[in-house]
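In case you want the letters, here they are:
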Amino acid sequence: MTSRFDEIINRHGTHSMKWDRMEPIYGVPAQDGISMWVADMDFRPPQGVQTALDSMLTHGVYGYYGDDAGYRAAIGWWMQHRHGWQIAPEWIFTTHGLVNGTGMCVDAYTRPGDAVVLFTPVYHAFARVIAAAGREVRECPLALDDGRYEMDFDAYDALMTGSERMVILCSPHNPGGRVWTAEELRGVAEFARRHNLILVSDEIHHDLVMPGHRHTAMPLAAPDIADRLVMMTATTKTFNIAGSHSGNVIIPDADLRARFAARMQALGLSPNSFGLVMAEAAYTPEGAAWVDELCAYLDGNRQVFDAAVNAIPGLRSMPLEATYLAWVDFSGTGMDRAEFTRRVEQGARIAANHGPTFGTGGEGFLRFNLATPRAVVEQSAERLQQAFSDLQ
Ligand SMILES: Cc1ncc(COP(=O)(O)O)c(C=O)c1O
């Protein structure tokens, strides 16, 4: 049975970061390389998103955006309908994406010299933004238990120095694909309270959950920490519209909201109309059905990729509970990082993110983006088997 996601769409020459920057950054030839780094998908969004854009383009007047009631209602509907979390429209701030949202939180809730806690390895832009703002990154390394990430709060308590003001959680986790359980989320909330930290929960991957797993929104796991909670979500990752650069920072607490609003105003930030129109068109029942189909397809890709990779002696792909980002441990090969990376980039001609950019714990890993047609995943799996055939 074919799927709408099977279509191979040529993205070369479209200003695609993932495809057009692959050769300059990784040295993987554009001609026949496979791009599996940046976290966007090689798929079109649901038809409703395209239709909304078409209607904007046909109208052809691109003035300032006003009256965002429908946009806010759509976000409220999605949070309630898909995640069981009821929000008020005024809790929502729209930023230029969630890296921008992270930077805004760092700016609004911490001062230069303060430390921000990260559970590493984790999405690399967090540390980049924190360090660029003159704050310190306090790494709390995730523990590996039978090839799966776990948190160790006793160890983290011992790492705190008193200068920490904020913790950023990635939920579900990138990389490694953990869907944190409600109990683990309560552990994070208690940790935040024990150390008097603002808790920023980046839930951008919340819709991309594999069949059989269920994501819990932080405010549902720990309703009593609303006074220190900042939630971040977006349509961009779910519907593959990251170029629209918009994200939602949802803040239930009035005081935290006022502080965030003040920084937004001071910087003169207001959203781009294309992002708002696409987001409103995505958060619909049609969009929900598309996401269900997408997750089933990604699960199929994951199975194909993991079966091939785990058959190579010394390689282990972490079982993904969410996200389309396979996190592959090469340390069992006994090769140094330069050698396994060379085999992937020059042998298999695949661009994958380098593990160390995700912080402590990423050293022996590469991250592969599986959100691409099944045939491409199959080809990448074959190429990896070939590049490591001497281990078989
Ligand atoms: C956890 C996480 N947060 C944020 C982003 C990027 O957000 P944006 O494109 O909205 O800046 C990513 C992209 O991969 C991500 O994995």
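What comes next concerns the included structure.

Here is what the cut-offs are and how they apply
- Within any chain, residue numbers begin from 1 and follow the written order of that chain's sequence.
- In view of the model being predicted, local features appear only for residues whose pLDDT reaches at least 70, and side-chain atom pairs are presented and counted only at 80 or more, with totals across whole chains, interfaces and linings using the full set of residues.
- With hydrogens and water set aside, each side-chain value is computed from the structure's full complement of heavy atoms.
- Counted as salt bridges are all cases of a side-chain nitrogen of Lys or Arg within 4 Å of a carboxyl oxygen of Asp or Glu.
- Helix numbers and strand numbers start at the N terminus; a helix is a DSSP run of H or I with at least 4 residues, a strand a run of E with at least 2.
- The buried label applies to any residue whose accessible area, calculated with a 1.4 Å probe on protein chains only, is under 20% of its type's maximum; exposed applies above 50%, and partly exposed to all values in between.
- Here, proximity means that at least one heavy atom of the residue falls within 4 Å of the molecule or strand.
- Pairs of N or O atoms are called polar contacts if they sit within 3.5 Å, as long as, within protein, a hydrogen donor faces a hydrogen acceptor (for residues adjacent in sequence, only side-chain-to-side-chain pairs).
- Throughout, the Shrake-Rupley method with a 1.4 Å probe supplies accessible areas, and for residues the shown protein chains are the sole cover considered.
- Cavities and pockets are defined on a 1 Å grid built over the protein atoms alone: a cavity is a set of grid points where a 1.4 Å probe fits but cannot escape, while a pocket is an open set with protein on both sides within 12 Å along at least five of seven lines, and lining residues are those with an atom within 4 Å of any such point.
- Cavities and pockets are treated as containing a molecule whenever more than half of the molecule's atoms lie within 2 Å of their grid points.
- Each residue gets one of three labels, nonpolar for Ala, Val, Leu, Ile, Met, Phe, Trp, Tyr, Cys and Pro, charged for Asp, Glu, Lys and Arg, and polar for the others, Gly among them.
- When DSSP locates at least two bridges between a pair of strands, those strands are taken to pair.
- All axes are obtained by fitting lines to C-alpha atoms, using only the stretch in contact for helices, and the reported angles, taken between N-to-C directions, cover 0 to 180 degrees.
- By the definition adopted for this analysis, an angle is roughly parallel if under 35 degrees, roughly antiparallel if over 145, roughly perpendicular if from 65 to 115, and oblique otherwise.
- Handedness of a crossing is defined here by the sense of rotation of the near helix relative to the far one, left-handed for an anticlockwise turn of less than a right angle and right-handed for a clockwise turn.
- Pairs of residues are marked as contacts when any of their non-hydrogen atoms sit within 4.5 Å.
- Every helix has an expected span of 1.5 Å times one less than the residues it contains.

1. Here we look at the pattern of salt bridges
Across all of its chains, the model carries 26 salt bridges by this definition. Residue Glu339 is joined to Arg343 by a salt bridge in which the shortest nitrogen-to-oxygen separation is 2.8 Å. Here the residue Glu339 and the residue Arg343 both occupy positions in helix α14 (residues 337-347), the gap between them amounting to 4 residues, near one helical turn. The class for Arg343 is buried, based on a relative accessible area of 13%.

2. Remarks on the site of the ligand
Taken together, Ala39, Gly97, Leu98, Val99, Tyr123, Cys170, Asn174, Asp202, Ile204, His205 and Lys237 make up all the residues around the ligand. Within the side chain of Asp202, a nitrogen or oxygen atom sits 2.6 Å from a nitrogen atom of the ligand. For the ligand, whose accessible area on its own is 400 Å², the fraction buried by protein is 92%. With respect to the pocket detection grid, the ligand is positioned in the largest pocket. Each residue belonging to the shell around the ligand can be placed in one class, and the counts come to 6 nonpolar, 3 polar and 2 charged.

3. Let's talk about the sheet that holds strand β9 (residues 229-233)
Taken in spatial order, the 7 strands of this open sheet run β2-β10-β9-β8-β7-β3-β4, and their pairing is mixed. Since the sheet does not close on itself, it has two edges, and those belong to β2 (92-95) and β4 (136-141), each with one partner. Averaged over all neighbouring strand pairs, the angle between strand axes comes to 25°, with direction disregarded. Relative to strand β7 (residues 164-170), strand β3 (residues 115-120) runs parallel, the two being bridged by 4 bridges.

4. Concerning the packing of helix α5 (residues 98-109) against helix α11 (residues 254-267)
Between α5 and α11, whose axes approach to 9 Å, the crossing angle comes to 110°. Considering their axes alone, α5 and α11 lie roughly perpendicular with respect to each other. As α5 runs across α11, the sense of the crossing is right-handed. Contacts between α5 and α11 pair Gly101, Met104, Cys105, Asp107, Ala108 and Tyr109 from the former with Leu256, Arg257, Arg259, Phe260, Arg263, Met264 and Leu267 from the latter. Classifying every residue of the contact of α5 with α11 by side-chain character gives 8 nonpolar, 1 polar and 4 charged.

5. Description of unusual backbone geometry
Glycine aside, a negative phi is what most residues show, and trans is what most peptide bonds show. For the bond running from Thr120 to Pro121, omega is 0°, close enough to zero to count as cis. Looking at the element boundaries, Pro121 is found in the loop between β3 and α6 (124-132). Here Ser171 and Pro172 are connected by a cis peptide whose omega angle stands at -5°. Tracing the sequence through the fold places Pro172 in the loop between β7 and α8 (182-194).

6. Points about the pairing of β9
Across the 5 residues that make up β9, a large majority, 5, are buried. Here β9 shows no split at all, with Leu229, Met231 and Thr233 on one side and Val230 and Met232 on the other all buried. Relative to β9, strand β8 (residues 198-202) runs parallel, the two sharing 4 bridges. Pairing of Ser201 across the sheet is with Met231, part of β9. Across 3 bridges, the pairing between β9 and strand β10 (residues 247-250) is antiparallel. Bridged to Thr233 within β10 is Asn248.

7. Brief notes about α8
In a regular helix each residue adds 1.5 Å, so 13 residues correspond to 18 Å; α8 covers 18 Å between its end C-alpha atoms and thus fits that length. Turning to α8, its buried residues number three or more, namely Glu184, Leu185, Gly187, Val188, Ala189, Phe191 and Ala192. Of the surrounding secondary structure, the elements contacted by the buried residues of α8 are β3, β6 (148-150), α7 (153-159), β7, β8 and α9 (218-221). Directly after α8, the chain includes Asn196, whose backbone phi takes a positive value near 55°.

8. What about the sheet that holds strand β14 (residues 365-369)?
One open sheet accounts for 5 strands, arranged β1-β13-β14-β12-β11; its pairing is mixed. Of all the strands in the sheet, the pair left with one neighbour each is β1 (34-36) and β11 (316-317). Pairing between β11 and strand β12 (residues 325-329): 2 bridges, direction antiparallel. In the strand pairing of β12, Arg316 is matched with Asp329. Most of the contacts of helix α15 (residues 374-387) go to β1, to which it runs at about 100°, and overall it touches β1, β13 (350-354) and β14.

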